[in-house]
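# A closer look at the structure
One-letter residues, chain by chain:
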Amino acid sequence: MDNPSVNITVEKKSSAFFDVAIVGGGLAGLSLSILLSQAGYKVALFEKEEYPFHRVCGEYISLESYNFIQRLGMNLSDPRYPLIKKLIVSSPNGNFIQSPLDPGGIGISRFHMDYELKKIAVQNGVFLKEKTKVNDIAFDNDHFKILYDSGEVTCKVAVGSFGKRSNLDKKWNRSFIQQKPGRLNNYIGIKYHIKTSFPSDTIALHNFKNGYCGVSKVEDENYCLCYLTTARNLNENNNSIAELEKNVLSKNPFLKTIFSEAEFVFKNPVAISQISFDKKTLIENHVLMTGDAAGMITPLCGNGMSIALHSSKIAFEIISKFLTQKISRKKMEKQYSELWMRQFDRRLKNGRFIQKLFGKEMLTNSFIGGIKSFPFLIKNLIKTTHGNEF
């Protein structure tokens, strides 16, 4: 899939007025654009990259999202997508626990999934602008202007789905941008695709000093290896990813084996810095935030992909009420915020709490060693990371 043969022309002549404009073409932006276009609305979607491309992501999507993705038009029954039903968690010293993973999930790369959803969006009439950086979203006279380098469009509803830390976050000086570096807002993420002999039905979470690394199978015999650690950890290793992996990650015997024996598909890793898990606002200048723009869930609480998809469903239902004049803009914003908080606030809080604890060597070693005798506690922890079908 890294060299797709399907070429789709996405530049369509379009009027400058849309019902909805979405800035950011990740899972939340793509799925929201599909839902809206399937319902008959005129939708513009802006993405600064060109599909397909790799993103830093754990690439495990829980089965809570299965039926929703199928309804979007993507076939998940393809045998290339492994069904993941088991979990291994290891501590930095190599102690580990194993557990069934209920309800489990599917392994699928963002390179592949985003590209498939992009094709569905275009086929449904979404006006897609790739390689386009939006410079501002201005609200005036009950409408928005989406301003980008080569022009502008006007819309009734604007949605921000622009990832972890964008130029718009900085331009608007959003609250999480103002936070001083701390335990929740100064992380780096690194991702590789590898080939290894790890079981295809299992996802592993291997802890190391000030970080953790996930490993799980995706399509085409590849495995996703993605880890999160502090910027300080990298700085202490001469800002060298190779030194970090040798000196810190490889102290975990599981990771030492992977880094010494696996075949690395990428010549260089995909990397992202300044990751923040601080709380974010859901509405900025009347723009509805969804996906990572609304709030990132820590990898230890998993399912960021499912939360992004679910948030698009919530946004679609509320936006549709507004566009059909059943509710006012003020009520749309209020209902969206309330529904989003009801669905995700507790999961995000749990994730931020666990994020502060894991990666501490002595604590993680003790926790993994102690919890092995209490399988019901493991089951309950897994339950907090998975939501209900939507």
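Residues numbered from 1 in each chain as written. Predicted model: local features only at pLDDT ≥ 70, side-chain atom pairs only at ≥ 80, totals over all residues. Heavy atoms only, no water.

### As for the overall build of the chain
- Helix and strand counts for the chain come out as 12 helices and 17 strands.
- Out of the 390 residues belonging to the chain, those deemed buried represent 56%.
- Excluding contacts between residues fewer than 6 apart, the proportion of contacts in the chain whose partners are at least 24 apart in sequence is 73%.
- Carbon together with sulfur atoms contributes 50% to the accessible area of the chain, which is approximately 17300 Å² in total. (Helix = DSSP H or I, 4+ residues; strand = E, 2+ residues; numbered from the N terminus. Buried < 20%, exposed > 50% of the residue type's maximum accessible area, 1.4 Å probe, protein only. Contact = heavy atoms within 4.5 Å. Areas by Shrake-Rupley, 256 points an atom, 1.4 Å probe, with all protein chains shown as cover.)

### Concerning the packing of aromatic side chains
- On inspection of all chains with the given rule, the structure shows 12 aromatic pairs.
- A ring pair is formed by F46 and Y148, whose centres lie 5.2 Å apart and whose planes are at 50°; its orientation type is tilted. Here the residue F46 occupies a position in strand β2 (residues 43-46), and Y148 occupies one in strand β8 (residues 143-148), the gap between them amounting to 102 residues.
- By relative accessible area, which is 2% here, F46 ends up buried.
- Here Y192 and F264 contribute two aromatic rings whose centre-to-centre distance is 4.9 Å and whose plane-to-plane angle is 85°, an arrangement assigned as edge-to-face. One end of the pair, Y192, is in strand β10 (residues 187-195); the other, F264, is in strand β14 (residues 263-264), and 72 residues separate them in sequence.
- Residue classification places F264 among the partly exposed positions, given a relative accessible area of 25%.
- Members of the aromatic cluster, connected to one another through ring pairs, are Y192, F259 and F264. (Phe/Tyr/Trp six-rings, centres within 6.5 Å; stacked < 30°, edge-to-face > 60°.)

### Some details on the pattern of salt bridges
- Using the criterion set out here, one finds 16 salt bridges in the structure.
- Note that R232 is salt-bridged to E236, the shortest N-O span being 3.0 Å.
- When its relative accessible area of 46% is taken as the criterion, E236 is described as partly exposed.
- Between E317 and K313 there is a salt bridge, and its shortest N-O distance comes to 2.8 Å. Of this pair, E317 and K313 both sit in helix α9 (residues 304-323), separated by four residues, roughly a single helical turn. (Salt bridge = Lys/Arg side-chain N within 4 Å of Asp/Glu carboxyl O.)

### A short note on the environment of E317
- A residue is classified by how much of its surface remains accessible, and E317, at 35% relative accessible area, is partly exposed.
- Linking E317 and L35, residues 282 residues apart in sequence, is a C-alpha distance of 9.2 Å.

### Quick look at the pairing of strand β12 (residues 211-217)
- Taken across its seven residues, β12 has six buried, putting it largely inside the fold.
- Sheet topology places strand β11 (residues 202-208) next to β12; five bridges connect them, and they run antiparallel. Bridge pairing in β12 places H206 opposite C213.
- In this structure, the hairpin formed by β11 and β12 is closed by a connection of two residues, where N210 is found at a positive phi of approximately 60°.
- Pairing analysis gives seven bridges linking β12 to strand β13 (residues 223-230), with the strands arranged antiparallel. From the neighbouring strand, V215 faces β13, where its bridge partner is L225.
- The loop that links β12 with its antiparallel partner β13 comprises five residues; one of these, D220, has a positive phi angle of about 60°. (Pairing = 2+ DSSP bridges.)

### Considerations on the environment of S99
- Looking at the element boundaries, S99 is found in strand β5 (residues 96-107).
- Judged by relative accessible area, which is 13%, S99 ranks as buried.
- Sequence separation between S99 and K85 is 14 residues; the distance between their C-alpha atoms is 8.9 Å.

### Focus: unusual backbone geometry
- In this structure, P52 follows Y51 across a cis peptide bond, with omega equal to -10°.
- Examined against the element boundaries, P52 turns out to sit in the loop between β2 and β3 (60-62).
- For the bond running from D102 to P103, omega is 10°, close enough to zero to count as cis.
- Its place among the elements puts P103 in strand β5.

### Structural notes on the nonpolar core
- Among the nonpolar cores identified, the biggest contains 75 residues, and L36, M74, M113, L117, I137, I146 and I319 are the most heavily contacted of them.
- With 11 residues, the top contributor of residues to this core is α9.
- Aside from chain neighbours lying at most four places away, what touches L117 is L27, L30, I34, L72 and M74.
- Among the nonpolar cores identified, the runner-up in size contains 22 residues, and I88, I188, A204 and V215 belong to it. (Core = buried A, V, L, I, M, F, W, Y, C linked by side-chain atoms within 4.5 Å.)

### A look at the side chain of N252
- Within the secondary structure, N252 is located in the loop between α7 (241-247) and α8 (253-261).
- Within polar-contact distance, the side chain of N252 engages the backbone oxygen of S91 at 3.1 Å.
- Among the polar contacts listed, one links the side chain of N252 to the backbone nitrogen of F254, at a separation of 2.9 Å.
- Among residues more than four places away in sequence, those in contact with N252 are S90, S91, P92, H206 and N207. (Polar contact = N/O pair within 3.5 Å; in protein donor to acceptor, adjacent residues only side chain to side chain.)

### So, the confidence of the model for the chain
- Looking at the chain as a whole, the pLDDT averages 88, with 88% of positions reaching at least 70.
- Contacts from residues 1-15, a stretch scored under 50 in pLDDT, to residues over four places away or in other chains number 30 contacts. (pLDDT = per-residue confidence, 0-100.)

### Some thoughts on the packing of helix α1 (residues 27-38) against helix α3 (residues 110-123)
- α3 packs onto α1 with a crossing angle of 25° between their chain directions and a minimal axis gap of 9 Å. Taken together, the axes of α1 and α3 are roughly parallel relative to one another. When the axes of α1 and α3 are compared, the crossing they make is left-handed. Judged by residue contacts, L27, L30, S33 and I34 of α1 engage R110, M113, D114, L117, K118, I120 and A121 from α3.
- Broken down by class, the residue content of the contact of α1 with α3 amounts to seven nonpolar, one polar and three charged. (Axes fitted to C-alpha atoms, helices over the stretch in contact; angles between N-to-C directions. Parallel < 35°, antiparallel > 145°, perpendicular 65-115°, else oblique. Left-handed = near helix turned anticlockwise from the far one by under 90°. Nonpolar A, V, L, I, M, F, W, Y, C, P; charged D, E, K, R; others polar.)

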